[in-house]
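Summary of structural features
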Amino acid sequence: MTPREAWQVALPGLEKSVVSGDSASIDDVVRQFPQSARTWGEGILLAEWADATVEGRQDVAAARALRLARALGESLARVTGESLLLDSCRVVQQAAADHDAAYLERLATAHRFYRDGRIAHRDNEHARAERLFRRASDAFRHTSSPMKYVTAYYLGSSLYFQFRIQEATRQLHEINTEELARRDYYAHAAQIGWEQGLCELVSGSVSNAIGILNTSRQSFERLGEKEDAATLDTLLA
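Report follows, based on the coordinates. None of these values were measured; they are calculated from a predicted model.

1. A short note on unusual backbone geometry
Unusually for a residue other than glycine, H99 sits at a positive phi of about 55 degrees. Structurally, the position occupied by H99 is in the loop between α5 (84–97) and α6 (101–122). In this structure H99 comes out as exposed when scored by relative accessible area, which is 71%.

What follows is the structure, given as C-alpha cells:
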C-alpha cells in the first residue's frame, strides 16, 4: 500500500476523531502522515470549503471542511511545528466571525483558482496552471491568507516546467523564505528551496543546487515528510 493509499484508508477514522474532539488520535494520524495531512488540508479541504461557500452550503459542507482543515492544522502545529494550514484556517474563520461576505467570497475564489491550478499542474498542463495560479495569486494578494506563499511557489514551478528558468528563478526569489521560517511555514520554505535548487541545476550551478536541495531535504526530514525527503534523496544520489 502506498502512503497515499494508506492515508485514504485512515481518513474515515480521522474524521470521526475530529468530530469527537479526540486530539490524541488526530495527532497519531498526523504524526504518521504529516505530508498528506498538510497537502490534503491546503489543497482539498480548503477547496471543498470554497466550493460549498460559493454554492451557499456554508452551514453543513463548508463547516465540515473547515472543521477538518482546522483540526489538521492544529495537529500539524503540535506535531511538527508547521503552521501555514492553521493560519490559513484562522483567516477564513475570522472573516466568517466578522460576517464579511465580500472577503469570504474573495478567499473562496482564490482557493478555487489554486485548486484548479494544482489539478492542471498535476496533469502537466503547465501553461494553464500558470494562468490559474496567477489568478489565485491576484485574489490572495487582497487577503491576509498565507496561501499566497503556496500559490507563488506553484506559479514558479509552472514556469520551471515550461522551461522559463529565468522567470521561475525571479518568481521564487521574490518569496521571502526567511519570513516563512519566522512564521513556522517550514514545509513551504523547503518546497521553494527545492524548486530553486532545480533552477540552479538546470542553469549549471551544480554546487549551489546541491547545497540548496540538501537544506530542503533536511527540512522535510525534520517535518517527517518522508515522500518529499525520499524524492530529494533520489535527486541528490
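Back to the text.
2. Considerations on the nonpolar core
Y114 and L180 are the most contacted members of the largest nonpolar core, which has 36 residues in total. At the level of secondary structure, the elements contributing two or more residues to this core comprise α6, α7 (126–141), α8 (147–160), α9 (165–173), α11 (186–202), α12 (206–223) and α13 (226–236). The element that contributes the greatest number of residues to this core is α8, accounting for 9 residues. For L180, the contacting residues outside a window of four places in its chain are Y149, I175, Y185, H188, A189 and I192. Residues L14, V18, L72 and L85 belong to the second largest nonpolar core, which totals 33 residues.

3. Quick notes on the packing of aromatic side chains
Each aromatic ring pair is summarised here by two numbers: the centre-to-centre distance and the angle between the ring planes. Applying the stated criterion to the full structure yields 9 aromatic pairs. Through successive ring pairs, a cluster of aromatic residues spans Y114, F133, Y153 and Y154.

4. Regarding α8
Its 14 residues give α8 an end-to-end C-alpha distance of 20 Å, which sits within 8% of 20 Å, the value for a rise of 1.5 Å per residue. Of all the 14 residues making up α8, 13 are buried; the element is thus mostly covered by neighbouring parts of the structure.

Rules used in this analysis
- Residues numbered from 1 in each chain as written.
- Predicted model: local features only at pLDDT ≥ 70, side-chain atom pairs only at ≥ 80, totals over all residues.
- Heavy atoms only, no water.
- Helix = DSSP H or I, 4+ residues; strand = E, 2+ residues; numbered from the N terminus.
- Buried < 20%, exposed > 50% of the residue type's maximum accessible area, 1.4 Å probe, protein only.
- Core = buried A, V, L, I, M, F, W, Y, C linked by side-chain atoms within 4.5 Å.
- Contact = heavy atoms within 4.5 Å.
- Phe/Tyr/Trp six-rings, centres within 6.5 Å; stacked < 30°, edge-to-face > 60°.
- Expected span 1.5 Å × (residues − 1).

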